[in-house]
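# Structural description and commentary
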Amino acid sequence: MPVEPLSPEEIDARLAELPGWSLEGDRLTRVYRLGSHMAAAAMAVHVAQVQDELDHHSDLTLGYHSVALSVNTHSVGGAVTGLDVELARRVTALAPAHGAS
């Protein structure tokens, strides 16, 4: 099934189900805060595993006590698609296990 860009209304509806995520320009973004650098590094590795499972990769930035993600779909000209939303959902689900807020 081909990947199609989401409409602005579809993006808004999906963001309503993803606490802390926002649309910045043409990307879904989120910064997670963690209790230590090691916790942030562990979460970054976990996110990287999910990205490989989905074969869909975000910009992933490891900070001192943070993990930041920024994602869109390059194959449709950098628009937001269902793949981006699925990655955001998966990351949202795994974040509590790392103590992320």
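Above this text you will find the structure in question.
What comes next concerns the included structure. In this text the structure is predicted, and so the values were computed from the model without any measurement. Starting from 1, residues in each chain are numbered consecutively following that chain's sequence as written. Only residues with pLDDT of 70 or above have their local features reported here, since the model is predicted, and side-chain atom pairs are shown and tallied only from 80 upward, although totals for entire chains, interfaces and linings are computed over all residues. Only heavy atoms go into the side-chain values, all of them from the structure, while hydrogens and water stay out.

### Points about the sheet that holds strand β1 (residues 22–24)
Short version of the rule: Strands were regarded as paired on the criterion that DSSP finds at least two bridges between them. Each helix is a run of H or I in the DSSP string that is no shorter than four residues. Each strand is a run of E no shorter than two, and both are numbered from the N terminus. Only C-alpha atoms enter the line fits that serve as axes; for helices the fit covers just the stretch in contact. Angles between N-to-C directions range over 0 to 180 degrees.
Taken together, four strands build an open sheet; the order of strands is β1-β2-β4-β3 and the sheet is antiparallel. Each of the sheet's edge strands pairs with one partner strand only, and the pair in question is β1 and β3 (59–62). When the angles between neighbouring strand axes are averaged without regard to direction, this sheet yields 25 degrees. Relative to strand β4 (residues 66–71), strand β2 (residues 27–33) is paired through six bridges, and the arrangement is antiparallel. Looking at β4, one finds that Tyr32 is bridged to Val67.

### Looking at the packing of aromatic side chains
Rules: Each pair of aromatic rings taken from Phe, Tyr and Trp, with Trp reduced to its six-membered ring, is defined by centres within 6.5 Å and is described as stacked if the planes are under 30 degrees apart, edge-to-face if over 60, and tilted in the remaining cases. The rule is short: NZ of Lys or CZ of Arg within 6 Å of the ring centre and within 35 degrees of the ring normal puts a charge over the ring.
Tallying each qualifying case throughout the model produces zero aromatic pairs. Over the aromatic face of Tyr32 sits the side chain of Arg30, whose NZ or CZ is 3.9 Å from the ring centroid.

### Examining the nonpolar core
Most often, soluble globular proteins have nonpolar side chains that are buried together. Applicable threshold: Put simply, a nonpolar core is a bunch of buried Ala, Val, Leu, Ile, Met, Phe, Trp, Tyr and Cys residues held in one set by side-chain atoms that sit within 4.5 Å of each other. Buried, partly exposed and exposed residues are distinguished by accessible area as a fraction of the type maximum, computed with a 1.4 Å probe on protein chains only: under 20%, between the cut-offs, and over 50%, respectively. Only heavy atoms enter the contact rule, under which two residues are in contact if any of them lie within 4.5 Å.
Counting 24 residues, the largest nonpolar core has Trp21, Leu28, Tyr32, Met43 and Val91 as the members making the most contacts within it. For this core, the elements supplying multiple residues, two or more each, are α1 (8–15), β2, α2 (37–54), β4 and α3 (82–94). Here Trp21 is in contact with Leu15, Leu28, Thr29, Arg30, Tyr32, Leu69, Ala88, Val91 and Thr92, once residues within four sequence places are set aside.

### Quick word on the pairing of β4
Counting buried residues along β4, five of its six residues qualify, which places the element largely inside the surrounding structure. Hairpin connection from β3 to β4: three residues lie between these consecutive antiparallel strands.

### A closer look at the packing of α2 against α3
As a reminder, the rule being used: Helix crossings get a hand from a simple test, with the near helix turned counterclockwise from the far one by less than a right angle marking a left-handed crossing and a clockwise turn marking a right-handed one. Following the grouping adopted for this structure description, the nonpolar residues are Ala, Val, Leu, Ile, Met, Phe, Trp, Tyr, Cys and Pro, the charged ones are Asp, Glu, Lys and Arg, and the polar ones are all others, Gly among them.
Contact geometry for α2 and α3: axes closest at 10 Å, N-to-C directions at 145 degrees. Crossing handedness for the pair α2 and α3: right-handed. Facing Met43, His46, Val47, Val50, Gln51, Glu53 and Leu54 of α2, the residues of α3 in contact are Glu86, Leu87, Arg90, Val91 and Leu94. Tallied by class, the residues present in the contact of α2 with α3 amount to seven nonpolar, two polar and three charged.

### What to know about the side chain of Arg27
Counted only if it meets this: Under the rule applied, a polar contact is a pair of N or O atoms within 3.5 Å (in protein, one hydrogen donor and one hydrogen acceptor; residues adjacent in sequence only if both atoms are side-chain atoms).
Structurally, Arg27 can be placed in strand β2. For Arg27, a relative accessible area of 19% translates into the label buried. For Arg27, the side chain forms a polar contact with the side chain of Asp59, separated by 3.5 Å. Among all residues touching Arg27, those that are not within four sequence positions of it are Ser22, Asp59, Ser70, Val71, Asn72, His74 and Val80.

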